[in-house]
Amino acid sequence: VHEMISLEQAQEIILDKVKPVDEETIGLSSALGRVLSRDIYAPVSLPPFPRSPLDGYVVRAADIALASPDKPVKLQVEQEIPAGNCSGKAIAPNQTARIMTGAPIPPGADVVIRFEDVRVSGKKIQVFYPMPAYTNICFTGEDICQGEMVLPGGTVLSPAGVGVLAGLGLNEVPVFKVMRVAVVSTGNELIDISENLRPGKIFNSNLYVLAAEVKHVGSCPVYGGIAPDTVELTAFKINEMLAGADMVLTTGGVSVGDYDFVEDALVRVGANILFHRIGIRPGTPTLCAVKEGKLIIGLSGNPAAAFIVYHLLAKPAILKMSGLNNWRPIRCTGLIQDDFLKASGQRRFLQGHLFLEQDTVKVRLSGRQRPGSMRSTLNCNALIDIPPNSGPLKIGDKVDIILLSPKI
Ligand code: AMP
Ligand code: MG
């Protein structure tokens, strides 16, 4: 258990242990950002009937086949068809109808001519040119065909997705339930942000940043507060959180200090330890355990370390449990814009700010790279992935980058 495993091994172990939460059916108006739990097939065609894409006169192509500027064809205007019309009255030979955008094409007709292209005289119009059949006609199902798969399960519903489902008349959608992720901080030095700072104490920031991250991916954080540095109280808190959440994140107490009790607490609650060290910096001491199918990830108390390892390990697990299909962060390469002079024996992750400049991906360090810092997390939208046994990095060096987009 105490041997060091690679980040990829850790990710695999974790993803292997989790499966998507249950499904539910919800109203479309509250479905934005939710993960579809099934493939959605179109129950109707769009458009559901052949319709006019413009305001004009609807005619029979055969009637105007011989039209010319010298010998215009005269047609009798027999009806008016506004949008929403459902009379279904046919167009007989040598007849026409005024038709509006979105109105159904009446039986018999197969061409719509724009208002501008005809001359109107009383109850008749003159047509000067022939037009092939099906000019200016939108066909049934030309946008979306009944029975066609429109949105795959395992994807996040976007505003456009909401629109398409509404267009198909889907009032209710099958989605995965919002998963609950409990967050617990450990440490005798911690006080809640509702209290006043006292000597030797710091505010419990990890609880709030992790809860915010959980919200950011559409899950529901359960605020577990602070567990003092004892095995009993930490175990009690973890048990309490396991009862009310689908996953538990803890911070602090996972390294080798005299008061690092999270592993003992996990053993006490009967959880199975999966690993306790990963070959990355920061965040080497990262604990992972499972109890009754629920994952507990013990992150370092150091804010930057907790932030980085949350993104590398916890977020992929949360997204898989949320029902996303095979989510992987976007990776790219770019040119580093700062020197980083420390050599890296271990694989190392730096917090960076990625930007584009003249078609080139560049990345600046987002602040001083200390596991205990918080400022560096502020502008961080990317992690720089430095392989083990790397020397110092110089401005302009090419680096591997992982993007920290919230979801996709
Ligand atoms: P630990 O992982 O418990 O050894 O803590 C490492 C460092 O992170 C120490 O300086 C702690 O004071 C700090 N720390 C631990 N928990 C938190 C927290 N919830 N919020 C902010 N800093 C913390
Ligand atoms: Mg501690």
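In what follows, the accompanying structure is described.

1. Some details on a nonpolar patch on the surface
Part 1 of the reasoning: Taken together, Ile-193, Leu-197 and Phe-203 make up a surface patch of nonpolar side chains, about 280 Å² in accessible area.
Part 2 of the reasoning: By the element assignment, Ile-193 lies in the loop between β12 (190-191) and β13 (202-203).

2. Some thoughts on the site of ligand 1
Part 1 of the reasoning: The immediate surroundings of ligand 1 are formed by 16 residues, with Glu-189, Asn-204, Asn-206, Gly-253 and Gly-301 found nearest.
Part 2 of the reasoning: Between ligand 1 and Gly-253, the relevant distance is 2.9 Å, taken from an oxygen atom to a main-chain nitrogen or oxygen of the residue.
Part 3 of the reasoning: Alone, ligand 1 offers 490 Å² of accessible surface; in the complex the protein occludes 76% of this.
Part 4 of the reasoning: Contributing elements (two or more residues each) for the shell around ligand 1: β11 (180-186), β13 and α3 (205-216).
Part 5 of the reasoning: Of the residues assigned to the shell around ligand 1, the class counts are 4 nonpolar, 11 polar and 1 charged.

3. Some thoughts on the packing of helix α1 (residues 7-17) against helix α6 (residues 303-321)
Part 1 of the reasoning: Interhelical geometry of α1 versus α6 gives an angle of 25° and a closest axis separation of 10 Å. Put simply, α1 runs roughly parallel to α6. In this structure, the crossing between α1 and α6 has a hand that is right-handed. Here Leu-7, Ala-10, Gln-11, Ile-14 and Leu-15 of α1 come into contact with α6, specifically with Leu-312, Leu-313, Pro-316, Ala-317 and Lys-320.
Part 2 of the reasoning: The class makeup of the residues in the contact of α1 with α6 is 8 nonpolar, 1 polar and 1 charged.

Definitions and limits used
Residues numbered from 1 in each chain as written. Chains lettered and ligands numbered in written order. Predicted model: local features only at pLDDT ≥ 70, side-chain atom pairs only at ≥ 80, totals over all residues. Heavy atoms only, no water. Patch = residues over 30% accessible without salt bridge, like charges linked within 9 Å, V, L, I, M, F, W, Y side chains within 5 Å. Areas by Shrake-Rupley, 256 points an atom, 1.4 Å probe, with all protein chains shown as cover. Salt bridge = Lys/Arg side-chain N within 4 Å of Asp/Glu carboxyl O. Helix = DSSP H or I, 4+ residues; strand = E, 2+ residues; numbered from the N terminus. Near = heavy atom within 4 Å. Polar contact = N/O pair within 3.5 Å; in protein donor to acceptor, adjacent residues only side chain to side chain. Nonpolar A, V, L, I, M, F, W, Y, C, P; charged D, E, K, R; others polar. Axes fitted to C-alpha atoms, helices over the stretch in contact; angles between N-to-C directions. Parallel < 35°, antiparallel > 145°, perpendicular 65-115°, else oblique. Left-handed = near helix turned anticlockwise from the far one by under 90°. Contact = heavy atoms within 4.5 Å.

These results come straight from atomic positions and should not be treated as a statement about function.
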